[in-house]
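# Per-entry structural report
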Amino acid sequence: MTQVSQIDFGPAASFNPTAVEFSPDGAQLWVSFYTPGEVRVYDAAAVIAGTPTVPVVLTGGGGFVDLAAGAAGRYMYAATLFNPQYQFSIANPAATPRTFSAPSGSRGVASNSDGSQIFFTVASRAVDGGGVLAVSVAADGTLTPDATVTPTGDVPWGVAFSAAEGRVVSSNSGTPTSVSGFNPGDPSSVRTVALPCGPRLLNASPSGTRIFVACLTGGIAVVNYVTNSVPLFDAGGNIESVETYGPVGGDSQRVYATSGATDEVLVFTKPTIAPIPAQTVREGGSVTFSTTVKDFWQTLQWQSSSDGGSTWTDIAAADRESLTVDAPLSANGMQYRLVARSAFFDDVVSSPIVLTVTPTPVPPMPANPALAATGVELPSGMLLGVALMVLGFAALTIRSRRRAS
């Protein structure tokens, strides 16, 4: 990563930026501020080019804490701690926004996969506690909030939508600290899992099979709908937000997180495995396969296949970038591969490689098979004498035949 530009908002005491969001077409860069209570819209190309640009400044009631672009690409939504909540026009940011009030204000906002619903987190309230408020978006943009809040916890913070699972996922920074998921319109589907951290903002992988949760008290939690697990990766303290990047509908290629402990943007990139050459070895020897794994991985595992790659078996204690195996003749045609795993990405698997084992050469046969069959090796002088005797006997035979004739 290389920094291409920087926006100077002003004195730190006067400006507290809280969220950054691109419009779906990538043309606009939206930035929200808790202080002052405003949202600024920049020309994205100008910002990337480092060209000074004057933003469109949108003022509101104050306390802007999160932004989300509607999936349909028409509206940008802003969550505020101090109502109302906002719907801005992406085509015309300066147009008067639509607003509505959420019970107790909101800390996070997310869109479903087609932009027909927007979800705002709502803090604890006396009637039904904290949770997520769903808002329907009509074809003309009209907003209709649900009559009730789906309860997920007393201090909901971030919210995301898993398109693959059709579930809304929210983090709860109250007691207990947790993450909850539910199907929109079905409060009975809420499933809550405790987290050993103080969760903040969330983000979904492009495929929706993973939800990434920033943990203020340490790390990044990953809700994995494939393995039904919620592993926690220790990325350091004060992880405040997390974002993912990847092809639409595919696996994440990178995960970004902001660290308040180090004032850095942490970047985790999906691993790559360098090509592994095939090997040929004589039977009875051994062979070593080696490669290099780049970027973020947590565990490595070599596997073997004896049926042409139909099934693969983990090799015990084979968890490094190199693998040494014995090569009996029976190992000819065995296939091997390396798998790089992490909580953030799908498994990365190397191309399979084939081991070729050649048989040991058979020693050449002796020049005289009849002598070799006796198992006795005669001295060279004795061999010469035997040869002369044979030749002499042959000569006597020829002479005797001539006399007879």
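Fair warning: this is a prediction, and the values are worked out from it, not measured in the lab.

### Quick look at the overall build of the protein
Along the protein, the regular secondary structure elements total 3 helices and 34 strands. For the protein, the exposed surface amounts to about 20500 Å²; the carbon and sulfur share of it is 56%.

### Remarks on the state of the cysteines
In total, this model carries 1 disulfide according to the counting rule given. Across a sulfur-sulfur distance of 2.2 Å, C197 and C215 are joined as a disulfide pair. With C197 in the loop between β17 (191-194) and β18 (199-204) and C215 in strand β19 (residues 210-215), the pair connects residues that are 18 residues apart, well separated along the chain.

### Some details on the sheet that holds strand β23 (residues 254-259)
Through backbone hydrogen bonds, the strands of a sheet pair up, either in parallel or in antiparallel fashion. If you trace the 3 strands from one edge of the open sheet to the other, you get β22-β23-β24, paired in antiparallel fashion. If you trace the sheet from one side to the other, it starts and ends with β22 (239-245) and β24 (264-269), each paired once. Along the sheet, successive strands turn relative to each other by an average axial angle of 20°, direction set aside. The pairing of β22 with β23 spans 6 bridges and is antiparallel. By the bridge assignment, V242 is partnered in β23 with A257.

### A few points about empty space enclosed by the protein
On inspection of all chains with the given rule, the structure shows 2 cavities of 30 Å³ or more. In this structure, the largest cavity encloses a volume near 40 Å³. Surrounding the largest cavity, G70, A72, R74, Y75, Y77, G115 and I118 form its lining. By residue class, the composition of the lining of the largest cavity is 4 nonpolar, 2 polar and 1 charged. Tallied by class, the residues present in the lining of the second largest cavity amount to 3 nonpolar, 3 polar and 1 charged.

### Side note on the packing of aromatic side chains
Throughout the structure, instances matching the rule amount to 18 aromatic pairs. Ring geometry for W30 against F88: centres 6.0 Å apart, planes inclined by 45°, an arrangement best described as tilted. With W30 in strand β2 (residues 28-35) and F88 in strand β7 (residues 85-89), this pair connects stretches of sequence that are 58 residues apart. Note on accessibility: W30 and F88 belong to one class, buried. Linked through ring pairs, F212, F233, F268, F296, F344 and F345 together constitute an aromatic cluster. For R40, the ring lying beneath its charged end belongs to F33, and the centroid distance is 5.2 Å. Directly above the ring of W157 sits R200, whose terminal nitrogen or CZ lies 4.0 Å from the centroid.

### So, the sheet that holds strand β21 (residues 232-233)
Taken in spatial order, the 4 strands make up an open sheet running β18-β19-β20-β21, and their pairing is antiparallel. Every other strand in the sheet has two partners, leaving β18 and β21 as the edge strands with one partner each. As judged from the 2 bridges shared by strand β20 (residues 220-224) and β21, these two strands associate in the antiparallel manner. In the strand pairing of β21, I220 is matched with F233.

### Things to note about the pairing of β20
By the criterion of burial, β20 is predominantly enclosed, with 5 of the 5 residues buried. Here β20 shows no split at all, with I220, V222 and N224 on one side and A221 and V223 on the other all buried. Direction of pairing for β19 relative to β20: antiparallel, over a ladder of 5 bridges. Its bridge partner lying in β20, V213 is registered against A221. Connecting β19 to the next strand, β20, in antiparallel fashion are 4 residues, including G218 with a positive phi near 135°.

### So, a nonpolar patch on the surface
A surface patch of nonpolar side chains, about 290 Å² in accessible area, is lined by V4, F22 and I48. Mapped onto the elements of the fold, I48 is located in helix α1 (residues 44-49).

Cut-offs and rules
- Residues numbered from 1 in each chain as written.
- Predicted model: local features only at pLDDT ≥ 70, side-chain atom pairs only at ≥ 80, totals over all residues.
- Heavy atoms only, no water.
- Helix = DSSP H or I, 4+ residues; strand = E, 2+ residues; numbered from the N terminus.
- Areas by Shrake-Rupley, 256 points an atom, 1.4 Å probe, with all protein chains shown as cover.
- Disulfide = S-S within 2.5 Å.
- Pairing = 2+ DSSP bridges.
- Axes fitted to C-alpha atoms, helices over the stretch in contact; angles between N-to-C directions.
- 1 Å grid on protein atoms, 1.4 Å probe; cavity = no way out; pocket = protein on both sides within 12 Å on 5 of 7 lines; lining within 4 Å.
- Points joined across faces, edges and corners; volume = space filled by probe spheres on them.
- Nonpolar A, V, L, I, M, F, W, Y, C, P; charged D, E, K, R; others polar.
- Phe/Tyr/Trp six-rings, centres within 6.5 Å; stacked < 30°, edge-to-face > 60°.
- Buried < 20%, exposed > 50% of the residue type's maximum accessible area, 1.4 Å probe, protein only.
- Lys NZ or Arg CZ within 6 Å of the ring centre and 35° of its normal.
- Patch = residues over 30% accessible without salt bridge, like charges linked within 9 Å, V, L, I, M, F, W, Y side chains within 5 Å.
- Salt bridge = Lys/Arg side-chain N within 4 Å of Asp/Glu carboxyl O.

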